[in-house]
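Chain and residue survey
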Amino acid sequence: MNMASHQKIHPHNLSSSAHDDQQLDFESPQVPTVPLVPRGSSKSDDSQHCPPFQRTIPVIHTKPPRKRRGCCCRFLCWTLSLVFLLILLAGAAAGILCLVFQPKLPKYSIDRLQITQFNLTSNSSLTATFDVTITATNPNKKASVYYEGGSHISVWYTGTSLCQGSLPRFYQGHRNTTVLTVVLSGQTDDANTLITSLQQQQQQTGIIPLKLRVIQPVRIKLGEFKLMKVKFRVRCRLDVDNLAANNAINIRNSSCKFRFTI
């Protein structure tokens, strides 16, 4: 009988236990299934999220290119074009004149050389006076030549000027030949070495090489057109047998070269 009393089940106590279990289950906090912080990010204790520091770069406003350079380039191009056009026009005009008038170069020759004075003084100075006969030929049909003043003619031996002079002013017409006799005179100081060289040259070769140089300002007239002033430059080589005063001098060889410059 005592065993029956100990084995008796009290339903009230069982129901109270179940109620307590349910109450415990209700009051226990629920574990969240979704994380509060996204994966791959660090947890921060600050209440506010600070943006990253950004450095402000000042904006530099560049000035537009000046138009002066463009104007200078345009002016230079126009100037060069104008110069090129003028050169073309001048070349075309010269070509037309050459075709119409067919100009030819003048011809020059040394026909005679006479020495009236060639003396060595007591102070070793050489005094020389030459009479040179020059023939100038204009072979052009429609071109004439005005020989202006300011000419210069000289005779040289091995780099030493022996005498100088000038040509007279004159006009040479179409197909004209003009013979001129020009008097040249000069003085050379310390001429002992020069006289010795002349004597040795004559004894060894029998000839004395001389050079005659002419610079002559001229104006050429083509038909009715009178051109600008230019300079005739003539270089002649003379081979003579002697330089004795008042003696017959033979010109063994003579050749002249001609060119003109502005």
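Per an unreviewed UniProt entry, the protein goes by the name NDR1/HIN1-LIKE protein 3-LIKE and belongs to Salix purpurea. Turning to the protein, the UniProt record has this under Subcellular location (unreviewed entry): "Membrane".

Okay, the overall build of the protein next. Along the backbone of the protein there are four helices and ten strands. Across the protein, helices and strands are ordered from the amino to the carboxyl terminus as α-α-α-β-β-β-β-β-β-β-α-β-β-β. If you take every contact in the protein between residues at least 6 apart in sequence, the share linking residues at least 24 apart comes to 65%. For the protein, the exposed area adds up to about 20000 Å²; of that, 57% sits on carbon and sulfur atoms.

In this section: the packing of aromatic side chains. Each aromatic ring pair is summarised here by two numbers: the centre-to-centre distance and the angle between the ring planes. What the rule picks out here adds up to six aromatic pairs. Ring geometry for Phe232 versus Phe258: centroids 4.6 Å apart, planes at 80°, classification edge-to-face. One end of the pair, Phe232, is in strand β9 (residues 225-240); the other, Phe258, is in strand β10 (residues 251-261), and 26 residues separate them in sequence. By relative accessible area, which is 2% here, Phe232 ends up buried. Among the aromatic residues, those joined into a cluster by ring pairs are Tyr108, Tyr147, Phe170, Phe232 and Phe258. Positioned above the aromatic ring of Trp156, the side-chain terminus of Arg213 is 4.7 Å from the ring centre.

Glancing now at the UniProt feature "transmembrane region" (unreviewed entry) in the protein. In the numbering adopted here, UniProt assigns the feature "transmembrane region" (unreviewed entry) to residues 75-102. Annotated as residues 75-102, this span is 96% helix and 0% strand, and its ends, taken at the C-alpha atoms, are 39 Å apart.

Structurally, Leu167 is set in the loop between β5 (160-165) and β6 (170-172). In the structure, Leu167 is positioned 16 residues away from Ser151 in sequence and 5.9 Å away in space, judged by C-alpha atoms. Setting aside its immediate chain neighbours within four residues, Leu167 contacts Ile134, Ser151, Leu180, Val182, Val214 and Gln216.

Enumeration over the complete set of coordinates arrives at two salt bridges. For Glu148, the salt bridge goes to Arg169, with nearest N and O atoms at 3.5 Å. Of this pair, Glu148 sits in the loop between β3 (143-147) and β4 (152-157) while Arg169 sits in the loop between β5 and β6, and the two are 21 residues apart along the sequence. We classify Glu148 as buried; its relative accessible area is 13%.

This part takes up the confidence of the model for the protein. For the protein, the average pLDDT comes to 80, and 73% of its residues sit at 70 or higher. For the protein, helix α1 (residues 2-6) is the element with the lowest average pLDDT, namely 44, and β4 is the one with the highest, namely 96.

A surface patch of positive charge is lined by Lys104, Lys107, Lys141, Lys142 and Arg175. Among the secondary structure elements, Lys104 is positioned in the loop between α3 (68-101) and β1 (107-120).

We now examine the state of the cysteines. Applying the stated criterion across every chain, the model contains one disulfide. The disulfide partner of Cys236 is Cys256, and the gap between their sulfur atoms is 2.0 Å. Taking the sign of the S-S torsion, 110° for the link of Cys236 and Cys256, the bridge is right-handed. Within this pair, whereas Cys236 is found in strand β9, its partner Cys256 is found in strand β10, the two being separated by 20 residues in sequence. For Cys236, a relative accessible area of 4% translates into the label buried. No disulfide involves Cys77; its sulfur sits 6.6 Å from the nearest other cysteine sulfur, which is in Cys73.

Looking at where Asn138 falls in the secondary structure, it is placed in strand β2 (residues 126-138). The residues touching Asn138, leaving out its near neighbours within four places in the chain, are Ala143, Ser144, Val145, Gln172, Gly173, His174, Arg175 and Asn176.

Strand direction decides the pairing type here: β3 and strand β8 (residues 208-222), joined by five bridges, are antiparallel. Bridging across to β8, Tyr146 finds its partner in Arg219. The sheet contact formed by β4 and β8 spans five bridges and is antiparallel. The partner of Val155 across the bridge, within β8, is Leu212. Between β8 and the antiparallel strand that follows it, β9, lie two residues; Gly223 among them carries a positive phi value of about 65°.

Each value, and the rule that gives it
- Within each chain, residue numbers correspond to sequence positions counted from 1 in written order.
- The model is predicted, so local features are restricted to residues of pLDDT at least 70 and side-chain atom pairs to those at 80 or more, both for listing and for counting; the totals for chains, interfaces and linings are taken over all residues.
- Water and hydrogen atoms were dropped before computing side-chain values, which therefore reflect all heavy atoms in the structure.
- UniProt positions are given in the numbering used here, feature names are shortened, and annotations may be inferred rather than shown by experiment.
- Every helix listed is a DSSP run of H or I at least four residues long, and every strand listed is a run of E at least two residues long, numbered separately from the N terminus.
- Contacts between residues were defined by any pair of non-hydrogen atoms, one from each residue, lying within 4.5 Å.
- Here the Shrake-Rupley method, with its probe set to 1.4 Å, supplies the accessible areas, and only the displayed protein chains count as covering residues.
- The aromatic pairing rule takes the rings of Phe, Tyr and Trp, using the six-membered ring of Trp, and pairs them if the centres are within 6.5 Å, calling planes under 30 degrees apart stacked, those over 60 edge-to-face and the rest tilted.
- For every residue, the accessible area (1.4 Å probe, protein chains only) is compared with the maximum for its type, and the residue is labelled buried under 20%, exposed over 50%, or partly exposed between those bounds.
- For a Lys NZ or an Arg CZ to count as sitting over a ring, it must be within 6 Å of the ring centre and within 35 degrees of the ring normal.
- Counted as salt bridges are all cases of a side-chain nitrogen of Lys or Arg within 4 Å of a carboxyl oxygen of Asp or Glu.
- Known as pLDDT, the predictor's confidence for each residue is given on a scale from 0 to 100.
- Like charges are joined within 9 Å and nonpolar side chains (Val, Leu, Ile, Met, Phe, Trp, Tyr) within 5 Å, but only among residues with over 30% relative accessible area and no salt bridge; these make up the patches.
- The positive count covers Lys and Arg only, the negative count covers Asp and Glu only, and His and the chain ends enter neither.
- Charge placement uses NZ in Lys and CZ in Arg. For Asp and Glu, CG and CD serve respectively.
- When two cysteine sulfur atoms are found within 2.5 Å, that pair is recorded as a disulfide.
- For two strands to pair, DSSP has to find at least two bridges joining them.

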